[in-house]
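Observations on the three-dimensional arrangement
Listed here are the chains, written in short residue letters.
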Amino acid sequence: MRPLISRLLSVRRSLPLFLTVMAGLAVWQVWLTWRLMEQDRNLAEQRARERLEQVADLALAQLNSTLGAWELNLREPETLTPAGTVILLSLPSGAATVPARPLLFVPAPPGGVPLPDGAFDAAERLEFRQQNYAAAVEALRPLVERAETRAEALLRIARLERRLGHADAAFAAYDRMTGETAVSPDGAPYALIAEGALCEMAAQACAQLRAALLAGRWPLRRETFEYYWGTKDEPPKEAVAFAERVSRLFEQWRQAGASFSGRRTEPDGSLLLWQAMPSRLAAISIPAGWLDVALKLPANAGDIRWRPESTAAGRYVRRSLAEAQLAGRIEFYSVARSMNPGPGRVLWLAGAAVMLLLVVGGAYAMHRGVSRELRLAQLQSDFVSAVSHEFRSPLTSLRGIAELLANDRIADESRKRQGYVFLERETGRLQRLVEDLLDFGRMESGRKQYHDELLDVLGITRAAVAEFREEAAQAGFEVDLQLEDRTAPIRADQEALRRAIRNLLENAVKYSPDCRTVWVEGHVNHSRVAISVRDRGIGIDAREQREIFRKFVRGSAAKRAGIKGTGIGLSMVRQIVEACGGEIRLESAENAGSTFTIVLPLAESGGTKA
Ligand code: ADP
């Protein structure tokens, strides 16, 4: 036994060192793999960044060349390819767009045309000096027939008819005037004047005017446009902005002269490119979204995209559009998922983790195994010393009494008799102990043979209690027996069963130092019979109640109380009961006592009243 224990102890001592080394190796491997993966990730990150930089450079170079090409196209602006509006300005007053787009007002509209000398003198005299409006109208009628005076004549007729209260006639005159193309001496087109007047006269005419203004029917100065537009509501912002853009461009061109060229992004996101030529300025305004057309990523860009400068988080490369002589910045970013370590690395990491798990799991299993072995070795060693003790003390007493009797040193007959009774009782006890040990050995090696007899378990219990009562009485104990008055047939080994019951009785007495009564009860319930042995002794800790039926195991309360024992009794009881097809139950609480109950199945024939 000792060499085994010392071997186990030495294994136990070197085990932590071994496990520490293994765990250290596993941790090191995991750490190493982790570092390698980190390195991989950084490398991939760096590569992605370099690629983004490269793509951004290429894209901007391409943007520049597209813009350059568009500018080159401005030399023949009428054939421009990108979807935009070409603005053509010419001195002194020309402003046109391709494709044609109305201009609400133009930078330099055509000036007024003076009236033919003296043509209106007669009519003016009648109107202003004589206040004879009807005659004035008549004087004007012939002028309506002449092309160069028609528009002005109609205007005056309409004015006079209104004064005369002839709305219809005024309306007709104005209406006729709206078809005129002539411009009045102060630069206002007659048709516009007529429309304005009609607008006053009729709401429909007003709408007509608005439409004409919006359609850019006449080249107008801004003030003229605003005047005729009126103040009730704003003209469409976009149209105003466009006209303003054209006017601004014209002003800048006039100041800068032939060297005037450039590009810029407008507040509405559109792009304006312009270039002055000796006699005219060509410009193109491309609506917002022009960058999508101009900025083409190289074919190998794959997952790379661009977007205007943003506050979005993540990895991107930012580029200023200053390189393309424009304001603003754009970002290049990748839509690919973040860099993942290669499958090889993941496998390696997983392997390292599994190894770590195995080492930890193995260490735990080894620790449990070695602990269990050590515990069993300890229990066996306790058992050997307990058995020796069980033999040594009675043998010493037996030897003493036997010597006294043999040498005839006890004269008193009654004391002699006590000596003989003692001899008989102790040798009986030793014999039972030896039989128990032999039986235990047989059970352990599987050689124990059980007889299969039909027995009355209540009868056997009664007999076992009767036999034990005498012995118990000598120790000052009383056995209270409550058995049902009937037979309870079971199939079992009589001798083994009697020994099991006796074992429980001996324990009840042994572990009940204060209460001198033990109780035995027997009940038949359906197809089962239950024999319980109860005491009010030291009890068994709840945590030990499952273990207590294993061989060599002894309760802590018994050890504390200094009550000797071998720890094989309950293990034998359980084996016997299970061999009979039954089970043993335990209810116990420390310092409150214990109840052991043997539950056995009744034999087929069932119980009968005695
Ligand atoms: P032992 O020779 O030690 O009595 P057993 O196998 O009969 O061996 O009992 C195992 C342990 O169970 C005992 O050491 C004791 O701790 C506990 N035990 C058994 N019966 C009782 C009881 N009636 N009351 C309290 N403890 C008991």
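Residues numbered from 1 in each chain as written. Predicted model: local features only at pLDDT ≥ 70, side-chain atom pairs only at ≥ 80, totals over all residues. Heavy atoms only, no water.

**Digging into the overall build of the protein**
For clarity, the cut-off: Each helix is a run of DSSP H or I of at least 4 residues and each strand a run of E of at least 2, with the numbering of both proceeding from the N terminus. C-alpha atoms define the radius of gyration in this analysis, and the globule rule sets the expected value at 2.2 Å times the number of residues to the power 0.38. Only protein chains enter the accessibility calculation, which uses a 1.4 Å probe; a residue whose area is less than 20% of its type maximum is buried, one above 50% is exposed, and one in between is partly exposed. The contact criterion used throughout is that any non-hydrogen atoms of two residues lie within 4.5 Å. For accessible areas, the Shrake-Rupley method is used with a probe of radius 1.4 Å. Any residue's cover is judged against the shown protein chains and nothing else. Residues scored as charged are limited to Lys and Arg (positive) and Asp and Glu (negative), so that His and the chain ends carry no count. Taken as the charge location is NZ of Lys, CZ of Arg, CG of Asp or CD of Glu.
Secondary structure assignment for the protein yields 16 helices and 15 strands. Its C-alpha atoms give the protein a radius of gyration of 61 Å, more than 25% over the compact-globule value 25 Å for 610 residues. In terms of principal-axis extent, the alpha carbons of the protein reach across some 190 × 60 × 40 Å. For the protein, the residues scored as buried account for 40% of the 610 residues in total. In the protein, of all internal contacts separated by at least 6 residues, the share reaching a separation of at least 24 is 65%. If you sum the accessible surface of the protein, you get close to 33,800 Å²; carbon and sulfur atoms cover 54% of it. Separation between the mean location of the 80 positive side-chain charges and that of the 75 negative ones in the protein comes to 6 Å.

**Notes on the sheet that holds strand S8 (residues 329-334)**
To keep it simple, the criterion reads: Should DSSP find at least two bridges between two strands, the strands are taken to pair. Every axis in this analysis is a line fitted to C-alpha atoms, fitted for helices over the stretch in contact. Angles between the N-to-C directions lie between 0 and 180 degrees.
The sheet built from three strands is open, its strands ordered S6-S8-S7 with antiparallel pairing. What marks the edges here is a single partner per strand, and that holds for strand S6 (304-308) and strand S7 (316-320). Adjacent strand axes in the sheet meet at a mean angle of 25 degrees when their direction is disregarded. When S7 meets S8, the two strands line up antiparallel, connected through five bridges. Counted as the bridge partner of Val 317 is Phe 332 from S8.

**Some remarks on the site of the ligand**
What counts is decided by this rule: Here a residue is considered near a molecule or strand provided that any single heavy atom belonging to it is located within 4 Å of it. Definition of a polar contact: a pair of N or O atoms within 3.5 Å, with one able to donate and the other able to accept a hydrogen when the atoms are protein atoms, and with sequence-neighbouring residues admitted only if both atoms are side-chain atoms. Residues are grouped as follows: nonpolar covers Ala, Val, Leu, Ile, Met, Phe, Trp, Tyr, Cys and Pro; charged covers Asp, Glu, Lys and Arg; every other residue, Gly included, is treated as polar.
Near the ligand there are 21 residues, and of these Asn 507, Tyr 511, Arg 554, Gly 555 and Leu 570 occur at the shortest range. Contact distances for the ligand include 2.6 Å between an oxygen atom and a side-chain N or O atom of Arg 554. In this structure, Ser 594 approaches the ligand through a side-chain N or O atom, which is 3.4 Å from a nitrogen atom. Burial of the ligand by the protein amounts to 98% of the accessible area it has alone, namely 520 Å². Contributing elements (two or more residues each) for the shell around the ligand: helix H14 (494-510), helix H16 (569-579) and strand S15 (593-601). In terms of residue count, H14 provides more of the shell around the ligand than any other element does, three residues in total. Grouping the amino acids of the shell around the ligand by side-chain chemistry returns ten nonpolar, eight polar and three charged.

**Concerning the nonpolar core**
Taken as a class, soluble globular proteins show a tendency for nonpolar side chains to be buried jointly. Just so we agree on the cut-off: Here, nonpolar core means buried Ala, Val, Leu, Ile, Met, Phe, Trp, Tyr and Cys residues that are tied together by side-chain atoms lying within 4.5 Å of each other. These domain limits were set by an automatic method or by a database of domain assignments.
Of all hydrophobic cores here, the largest spans 51 residues; its most connected members are Val 457, Ile 490, Val 529 and Leu 600. For this core, the domains that each give at least three residues are domain 2 (349-418) and domain 4 (450-601). Leaving out residues up to four positions away in the same chain, Ile 490 has contacts with Glu 453, Leu 454, Leu 455, Val 457, Leu 497, Val 529, Leu 600, Pro 601, Leu 602 and Ala 603. Counting residues in each nonpolar core, the second largest holds 40 residues, with Leu 143, Ala 153, Ala 173 and Ala 212 among its members.

**With respect to the sheet that holds S15**
Through backbone hydrogen bonds, the strands of a sheet pair up, either in parallel or in antiparallel fashion. Sheet architecture is open: five strands sit in the order S10-S12-S13-S15-S14, paired in mixed fashion. Edge strands, defined here as strands with exactly one partner in the open sheet, are strand S10 (478-483) and strand S14 (583-589). Neighbour to neighbour, the strand axes of the sheet diverge by 15 degrees on average, direction disregarded. Here strand S13 (residues 528-535) runs beside S15; their pairing, made up of eight bridges, is antiparallel.

**Topic: the environment of Arg 329**
You can see Arg 329 is positioned in strand S8. Accessibility expressed as a relative area gives 43% for Arg 329, which makes it partly exposed. Distance in space between the C-alpha atoms of Arg 329 and Glu 309 is 5.4 Å, their sequence separation being 20 residues. Setting aside residues up to four positions removed in sequence, Arg 329 forms contacts with Pro 308, Glu 309, Arg 318, Arg 319, Ser 320 and Leu 321.

**Description of a nonpolar patch on the surface**
This is how it is decided: Only residues whose relative accessible area exceeds 30% and that form no salt bridge enter a patch; like-charged residues are grouped when within 9 Å of one another, and nonpolar side chains (Val, Leu, Ile, Met, Phe, Trp, Tyr) when within 5 Å. Salt bridges are defined by distance alone: a side-chain nitrogen of Lys or Arg within 4 Å of a carboxyl oxygen of Asp or Glu.
Together, Leu 17, Val 21, Leu 25, Trp 28 and Trp 31 make up a nonpolar patch on the protein surface, roughly 560 Å² of accessible area in all. Following the sequence through the fold, Leu 25 ends up in helix H1 (residues 2-73). Looking at Leu 25, the relative accessible area reads 42%, which means it is partly exposed.

**Structural notes on the domain arrangement of the protein**
Considered domain by domain, the protein is made up of domain 1 (110-218), domain 2 (349-418), domain 3 (419-447) and domain 4 (450-601). A separation of 148 Å is found between the C-alpha centroids of domain 1 and domain 3.

**Digging into helix H9 (residues 237-256)**
Going by this rule: Here, expected helix span is obtained from the residue count minus one, scaled by 1.5 Å.
Compared with an ideal rise of 1.5 Å per residue, which puts 20 residues at 28 Å, H9 spans 28 Å between its outermost C-alpha atoms and is within 8% of the ideal. Considered for burial, the residues of H9 that qualify are Val 240, Phe 242, Ala 243, Arg 245, Val 246, Ser 247, Leu 249, Phe 250 and Trp 253. Looking at the buried side of H9, the elements it contacts are strand S1 (85-90), strand S2 (94-98), helix H8 (222-229), strand S4 (271-276) and strand S5 (280-286). Phi for Gly 257, located one or two positions after H9, is positive at around 80 degrees.

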